[in-house]
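Analysis of the macromolecular model
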Amino acid sequence: MLLELVTIPCLKDNYAFLMHDDASGHTTLVDVPEATPILNTLAARGWHLDQILLTHHHSDHIQGVPDVVAATSAPILGARADAHRLPPLARALAEGDSVQIGPEQAQVLDVSGHTLGHIAFYLPVSGIALTADSLMTGGCGRLLEGTPALMWQSLMKLAALPGETLICSGHEYTTTNLRFAATIESDNPALIARTAKVAKARAENRPTVPSRLSGELATNPFLRARLPHVKTLIGMPDASDAEAFAEIRSRKDKF
Ligand code: ZN
Ligand code: FE
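This write-up is about the structure you can find in this document. (Residues numbered from 1 in each chain as written. Chains lettered and ligands numbered in written order. Predicted model: local features only at pLDDT ≥ 70, side-chain atom pairs only at ≥ 80, totals over all residues. Heavy atoms only, no water.)

1. Topic: the coordination of the zinc ion (ligand 1)
Summarising the metal site, the zinc ion (ligand 1) is bound by the protein donors His-56 (NE2), His-58 (ND1), His-114 (NE2) and Asp-133 (OD), whose distances to it range over 2.2 to 2.3 Å. Around the zinc ion (ligand 1), the four donor atoms sit at angles spanning 83 to 174°, and that spread fits a shape best called irregular. Written as a sequence motif, the donor residues of the zinc ion (ligand 1) are H-x1-H-x55-H-x18-D. A separation of 3.0 Å is found between the zinc ion (ligand 1) and the iron ion (ligand 2), which share Asp-133 as a coordinating residue. One end of the pair, His-58, is in the loop between strand S4 (51-53) and helix H2 (59-62); the other, His-114, is in the loop between strand S8 (104-110) and strand S9 (119-123), with 56 residues separating them in the sequence. (Donors = N, O, S within 2.8 Å, 3.2 Å for Na, K, Ca; no water. Tetrahedral: all angles 85-135°; square planar, octahedral: opposite > 155°, others 65-115°. Helix = DSSP H or I, 4+ residues; strand = E, 2+ residues; numbered from the N terminus.)

Written out as structure tokens, the structure reads:
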């Protein structure tokens, strides 16, 4: 039985996610950028919120927590490494832990790089990975706390998941991300096709999140840093994967 996944637009360009199991009535929320759209979605569906999972400490992912907790009393689970800068945790998580989501066990992955202590949740049965600001749709988070090597390691953990995995990133940044991707690999047919699909979705005001990992592997310039022809395109044919990633990340910072 697969969980139902609901993507909730919040603030200007953030996303929160609900996962719901019909049989047990269980509902889990991942990240809380803003309380109102989340509480409205719960009310519209008649769902009771059982728990809140947090990916990292940035305010655009946690600032709605007090209002959602006031309305639902849901317990909060987040990274032990971030406990000092998250709302009070009912349970502190680290890589290797699992979290029960209805009938399914989600695996906790450390995907530090954007921040230190950023975690992702992977649900192998439903094929969902909640990656927030680590692996993003067409891109990856800025390196605000971690090194390029650390982020590279985190991205490679996610890249190793099954291709059909749905990547739930925390923001609607896809249009800009793909515009940047074209500065690296303008001739990539998968990128050209995806850019057209994304333009159509955005013109119709549809989210481009979640995306399939297979599509990220085919178009996301950060995951593609390890490919010899991409290293050549950026003028670093002999670079290590992490060095090529660092170069692409620093170009994106200036884009
Ligand atoms: Zn962030
Ligand atoms: Fe964010």
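2. Observations concerning the coordination of the iron ion (ligand 2)
Those donors, Asp-60 (OD), His-61 (NE2), Asp-133 (OD) and His-171 (NE2), are the protein atoms that reach the iron ion (ligand 2), and they lie 2.1 to 2.5 Å from it. Relative to the metal, the four donor atoms surrounding the iron ion (ligand 2) lie at angles of 82 to 168°, and the coordination shape comes out irregular. Taken in chain order, the donor set of the iron ion (ligand 2) reads D-H-x71-D-x37-H.

3. Quick notes on the sheet that holds strand S5 (residues 76-79)
Read across the sheet, six strands follow the order S1-S2-S3-S4-S5-S6 without closing on themselves; strand pairing throughout is mixed. Lying at the two open borders of the sheet, with one neighbouring strand each, are strand S1 (4-10) and strand S6 (91-93). Neighbour-to-neighbour, the strand axes of this sheet turn through a mean angle of 25°, independent of strand direction. Here three bridges tie strand S3 (residues 27-30) to S4, and the two strands are oriented parallel to one another. By the bridge assignment, Val-30 is partnered in S4 with Leu-53. (Pairing = 2+ DSSP bridges. Axes fitted to C-alpha atoms, helices over the stretch in contact; angles between N-to-C directions.)

4. As for the pattern of salt bridges
A complete count under the given rule lists 14 salt bridges for this structure. As a salt-bridge pair, Glu-4 and Arg-45 come within 2.7 Å of each other at their nearest N and O atoms. Taken together, the residues span a long stretch of sequence, with Glu-4 in strand S1 and Arg-45 in helix H1 (residues 35-45) at a distance of 41 residues. The partly exposed category is assigned to Glu-4, whose relative accessible area is 35%. Here Arg-45 falls in the partly exposed class, since its relative accessible area comes to 40%. In this structure, Glu-247 and Arg-251 form a salt bridge, with 2.7 Å as the shortest nitrogen-oxygen distance. Linking Glu-247 with Arg-251, this pair stays in helix H9 (residues 241-253), spanning four residues, or about one helical turn. (Salt bridge = Lys/Arg side-chain N within 4 Å of Asp/Glu carboxyl O. Buried < 20%, exposed > 50% of the residue type's maximum accessible area, 1.4 Å probe, protein only.)

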